[in-house]
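Descriptive structure summary
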Amino acid sequence: MNITLDYLRGHKSWLVKNFRVWGDYFSVEASIVFTESASGAKRILLGRAFLGGLNQEVSYSDLFDYKGNPLPDTIANPKVIILAKNEVRCFQVGSENQTGFRIAKDEASKTGLVDLWVVEMS
């Protein structure tokens, strides 16, 4: 017996099949130089910013499992497992929260296709 699999199967879980990922993760790291003048002191500051990228925001309330049942609006302590179905690399951006998560793909010209396994870990 696999202890991890038994643990996961003992919790509420939903399988969402054939989820299309259109969010792009492509972004550019830009260096920014600016000056600041305060109280007679002048400074040159260097900063970084990430420009571009369009992550896909996913709400659990918008998803349906493989049987056609809607997922709940909120899930306590969720974990989303992404199962790839085509060659486009898809991944979660940041961490899950009680109402949803963000997902993106690595290739700009293609749409990702994945299955999502959402598990309530509480």
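Preceding block: the structure.
Residues numbered from 1 in each chain as written. Predicted model: local features only at pLDDT ≥ 70, side-chain atom pairs only at ≥ 80, totals over all residues. Heavy atoms only, no water.

**Some remarks on the nonpolar core**
Side chains that are nonpolar tend, in soluble globular proteins, to be buried together. By size, the foremost hydrophobic cluster in this structure holds 17 residues, and its most contacted members are Phe19, Leu63, Leu71, Phe101 and Leu116. Elements represented by at least two residues in this core include exactly strand S1 (13–21), strand S7 (100–105) and strand S8 (112–120). Broken down by element, the residue count for this core peaks at 4 residues, all from S1. Not counting chain neighbours up to four residues away, the residues in contact with Leu71 comprise Trp14, Val16, Tyr60, Ser61, Leu63, Phe64, Asp65 and Val118. (Core = buried A, V, L, I, M, F, W, Y, C linked by side-chain atoms within 4.5 Å. Buried < 20%, exposed > 50% of the residue type's maximum accessible area, 1.4 Å probe, protein only. Helix = DSSP H or I, 4+ residues; strand = E, 2+ residues; numbered from the N terminus. Contact = heavy atoms within 4.5 Å.)

**What to know about the sheet that holds strand S5 (residues 78–84)**
Reading across the sheet, the 3 strands line up as S1-S8-S5 and stay open at both edges, with antiparallel pairing between neighbours. This sheet does not close on itself; its edge strands, each paired only once, are S1 and S5. Neighbouring strand axes in the sheet, compared pairwise and without regard to direction, differ in orientation by 25 degrees on average. Sheet analysis places S5 next to S8, joined by 7 bridges and oriented antiparallel. For Lys79, the partnering residue across the bridge sits in S8 and is Val119. (Pairing = 2+ DSSP bridges. Axes fitted to C-alpha atoms, helices over the stretch in contact; angles between N-to-C directions.)

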